[in-house]
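# Notes for the structure review
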Amino acid sequence: MKTINELKQEIITYGKLAEAKDLTPGVSGNMSARFGDKILITSSGSANGYLSEDDFALIDYDGNVVEGDKKPSSEKLLHCAFYRMREDINYIIHMHSPYLSSFASAGVALDEPIMAENVFYFGKIPLAEYGMPSSVDLVEKTAMYFNEYDAVLMANHGFIVGSRDIKDAFLKLTLAESYAQVVLNTKILGGAKILNDEQVKEIYDLRKKL
């Protein structure tokens with residue numbers, strides 16, 4: 001198992017990458033990693049692109065701080081729910097990237113089969129109903145998708161994705177953000193050409209083989 005310092009350095013590194021790609025504006029969003037029976041999460045008020053080793057809290061799966069004096073992100077319960085539901089998830093990234101947040105704020109899910117790559121990696125990116133940020137209501141409305149999906153849009157809020165490793169979580173964030181931009185561009189160009197059911201099935205069959 002990786003040490004806490006190793007996990008911190010991973011999150012710091014990918015936070016900087018997210019900032020460089022304009023995926024994490026200002027003091028918004030949060031990141032976390034599974035640490036055995038605990039969770040390492042960015043602290044409240046920290047900026048993902050400018051994290052230091054002091055910008056973290058260690059919590060249990062109920063959201064209680066078990067080490068340090070930093071206040072954990074206000075979205076800690078959302079992270080706790082994701083980890084409890086999915087033993088295969090080791091890292092979670094929640095960000096308010098512009099294009100994904102635009103779809104979330106418009107109340108539009110990214111669930112149409114437009115690009116083969118996105119069908120392959122996501123299937124669909126559903127839209128969770130609005131819940132007040134940091135509330136139990138938000139957790140309940142978003143967590144209902146975690147069993148089936150790795151990535152979820154949150155209405156009038158942002159995007160959350162989980163994965164086995166932080167690189168994969170970050171790459172899925174960038175892929176989803178690019179996909180949102182492509183979908184928006186197709187609307188300007190008169191609308192996307194939707195893949196048919198047989199084409200979607202072929203992609204799902206390929207995914208099972210790899």
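What counts and how
- Residues numbered from 1 in each chain as written.
- Predicted model: local features only at pLDDT ≥ 70, side-chain atom pairs only at ≥ 80, totals over all residues.
- Heavy atoms only, no water.
- Core = buried A, V, L, I, M, F, W, Y, C linked by side-chain atoms within 4.5 Å.
- Buried < 20%, exposed > 50% of the residue type's maximum accessible area, 1.4 Å probe, protein only.
- Helix = DSSP H or I, 4+ residues; strand = E, 2+ residues; numbered from the N terminus.
- Contact = heavy atoms within 4.5 Å.
- Axes fitted to C-alpha atoms, helices over the stretch in contact; angles between N-to-C directions.
- Left-handed = near helix turned anticlockwise from the far one by under 90°.
- Nonpolar A, V, L, I, M, F, W, Y, C, P; charged D, E, K, R; others polar.
- Polar contact = N/O pair within 3.5 Å; in protein donor to acceptor, adjacent residues only side chain to side chain.

## Description of the nonpolar core
A general tendency of soluble globular proteins is for nonpolar side chains to be buried together. Ile11, Ile93, Leu100, Leu110, Leu153, Phe159 and Leu173 are the most contacted members of the largest nonpolar core, which totals 36 residues. Broken down by secondary-structure element, the contributors of at least two residues to this core are helix 1 (4-20), strand 1 (30-35), strand 3 (56-59), strand 5 (91-95), helix 3 (98-106), strand 7 (151-154), strand 8 (158-163) and helix 6 (166-188). With eight residues, the top contributor of residues to this core is helix 6. In contact with Leu110, not counting residues within four places along its chain, are Leu100, Phe103, Lys124, Ile125, Leu153, Tyr179, Ala180 and Val183.

## So, the packing of helix 3 against helix 6
Close contact between helix 3 and helix 6 brings their axes to 7 Å; oriented N to C, the two are set at 60°. For helix 3 against helix 6, the interelement crossing comes out left-handed. Contacts from Pro98, Tyr99, Leu100 and Phe103 in helix 3 reach Leu173, Ala176, Glu177, Ala180, Gln181, Val183, Leu184 and Lys187 in helix 6. Residues of the contact of helix 3 with helix 6, tallied by class, amount to nine nonpolar, one polar and two charged.

## Considerations on the side chain of His157
Assignment of secondary structure puts His157 in the loop between strand 7 and strand 8. A distance of 3.4 Å separates a polar atom in the side chain of His157 from a polar atom in the side chain of His96. With near-sequence residues (within four places) excluded, His157 lies in contact with Glu75, His94, His96, Ser101, Ala104, Ser105, Pro133 and Leu138.

Remember, this is a structural readout, not a statement about activity or role.
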